[in-house]
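Remarks on the overall topology
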Amino acid sequence: QQQQQQQQRQHVSFAQKLTSIQGHFQRQPKSWWRGHGDDALLYGRSSTCPSAYSGLCVGRGALWADRAMDGGRIPTRFWSCQFDRVTTDFWNVQDLQKDEIVHRVRAPKIGLFIPMNVGWLASLSHLTDAFVWLMPSLFFTYGGESAEELIAAIWRRAHLPGRPPARLNASIAEVVLVPHLPNLEHATGVFPANSGSAKAQESAREKRRPRAKTVAESWLKPLIEMLSDLPIRTLGEIEEFTCYDLAIWGYVDPSLRIRGDVGASFSSELRPALAKRFPDRVGGLWEVMQQLSQYTFDFHPALPADEGTWRKDQRKVVLFAYRVSSSIHFRVSRAITNLDETVETLRRLSDEKDAEFQLLVGAWERMPFLMQMQLALHHVQVLLQVFGSGMAWSLFMPPGSYVVEIQADGVASVNFVSCFSPTDFGQMQPWSKPTNTRSEWGGWALMNDINFACVSRRPTAAYCKRNFYPNGWDTVEVKVDAEGAARLVSEACKLLEWERQW
């Protein structure tokens, strides 16, 4: 009893101390723990990502430092900007010899060194993999006042001479893409231990050989070229020694990181720039549907022959995208087993009063890149899709659009693909309180002013009820909760109609 009483007193004493500390913290201004000025802007960021230097060089497929210029500030190695990097995910920096012939890039041109993703998805070929480094890199150009303040802060931290650029507009940025891991990015394939027999792995490697290694080979080339008006090169392409008076290594934090730079203010500048660069050259939705019919898309209502009649119909545009291939396993992963049932359920609801919508059914992979971009930018208002890289197009949809993610298992999979059910489903407001704010696409949607919901036959109940050791994030098959998905789409269309009227 004495021991229990002593433990209880210690517990009460600790609780009182904790309450006192918490109260003291809450009484302080927000700047108390983040500091002021540059300290506040750089709080929570890596000391090297992003960072500014003088004398950072490239040549012979490697990174170099001109020690006569850098003042000893350039580190001996540069790590990837990813938080989940592995221990070998870095590039060594070698010292440039005095007798080397060097091409110097003078101000105001700035070298922007961008570490691309590690891994076997390929940073120039896989949509999500590219967006993880590409979107934060575009922040320097389209981040508005926040980008200007951050560039100035890393400039002052590096004690670089002269005034920092207001922003890295495309006319002054000379971009070098640095692949990570250096020994894996250009390899024929990297496979996890359980990916099949040695013969199957070798067969897969052979299929991987055409993978893009340069921007010129990448189908994402039109988007990557928004970084600079100058030619964009990967590190392995550059043989001659080139040194930059001014250079930036790395990029800012994506939406789910501690700073969350890639958010609504960034999107508000980026989307108009994208719309200008990728205008709707096809025409209205009627013309778009005519083109989509070439790529085995289905429509409900069916595409009418008379455009004039069709234009009178104020239907919302819903895209139900399914998967047809996988760059990882060379099969249809996350294949929908009840595709016909889901499409039929959506068709029944598409004519519902006050929620009429034009249903487009097909696969992103079957469309050319520019058509994918134009569809997301100019036409789709509601996107329904299985978890995967196609969800990346939700970032380009207009603010206030709706996205419904389909998940197979919200319990056994890893946390970043959690699938919590909508909160207030019975009140025509399943988006009234954002759900899945820490999942991969839910977090991006929240930061980019997109309404997001997730549907699964086995939804996530709570983080504490997840499997401690997840089975994985990929599944071979997905059986859609067709009624739940269709209801979410219908609710989204009703809200869009209400917003249109009011």
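This text follows the structure it describes.
The structure contained in this document is the topic of the report that follows. (Residues numbered from 1 in each chain as written. Predicted model: local features only at pLDDT ≥ 70, side-chain atom pairs only at ≥ 80, totals over all residues. Heavy atoms only, no water.)

By the definition in use, this model includes 13 aromatic pairs. Ring centres 5.6 Å apart and planes at 85 degrees place the aromatic pair F113 and Y244 in the edge-to-face group. With F113 in strand β7 (residues 110-115) and Y244 in strand β10 (residues 241-244), the pair connects residues that are 131 residues apart, well separated along the chain. Judged by relative accessible area, which is 0%, F113 ranks as buried. By way of ring pairs, the aromatic residues W219, F278, W364, F369, W393 and F396 are connected into one cluster. (Phe/Tyr/Trp six-rings, centres within 6.5 Å; stacked < 30°, edge-to-face > 60°. Helix = DSSP H or I, 4+ residues; strand = E, 2+ residues; numbered from the N terminus. Buried < 20%, exposed > 50% of the residue type's maximum accessible area, 1.4 Å probe, protein only.)

Moving on, we get to the environment of S432. Here S432 shows up in the loop between β17 (402-407) and α14 (440-447). For the pair formed by S432 and P422, sequence separation is 10 residues and the distance between their alpha carbons is 8.8 Å.

Residue position: S267 is located in helix α9 (residues 264-277). By relative accessible area, which is 4% here, S267 ends up buried. Leaving out residues up to four positions away in the same chain, S267 has contacts with P272 and N448. (Contact = heavy atoms within 4.5 Å.)

Turning our attention to the state of the cysteines. Taken as a whole, this structure holds 3 disulfides when the rule is applied. Each sulfur of the disulfide joining C419 and C454 lies 2.1 Å from the other. Between C419 and C454 the sulfur-sulfur dihedral comes to about -115 degrees; the bridge is accordingly left-handed. Here the residue C419 occupies a position in the loop between β17 and α14, and C454 occupies one in strand β18 (residues 451-456), the gap between them amounting to 35 residues. Each member of the pair, C419 as well as C454, is classed as buried. When the cysteines of the chain that form disulfides are numbered from the N-terminus onward, they connect as 1-3, 2-4, 5-6. (Disulfide = S-S within 2.5 Å.)

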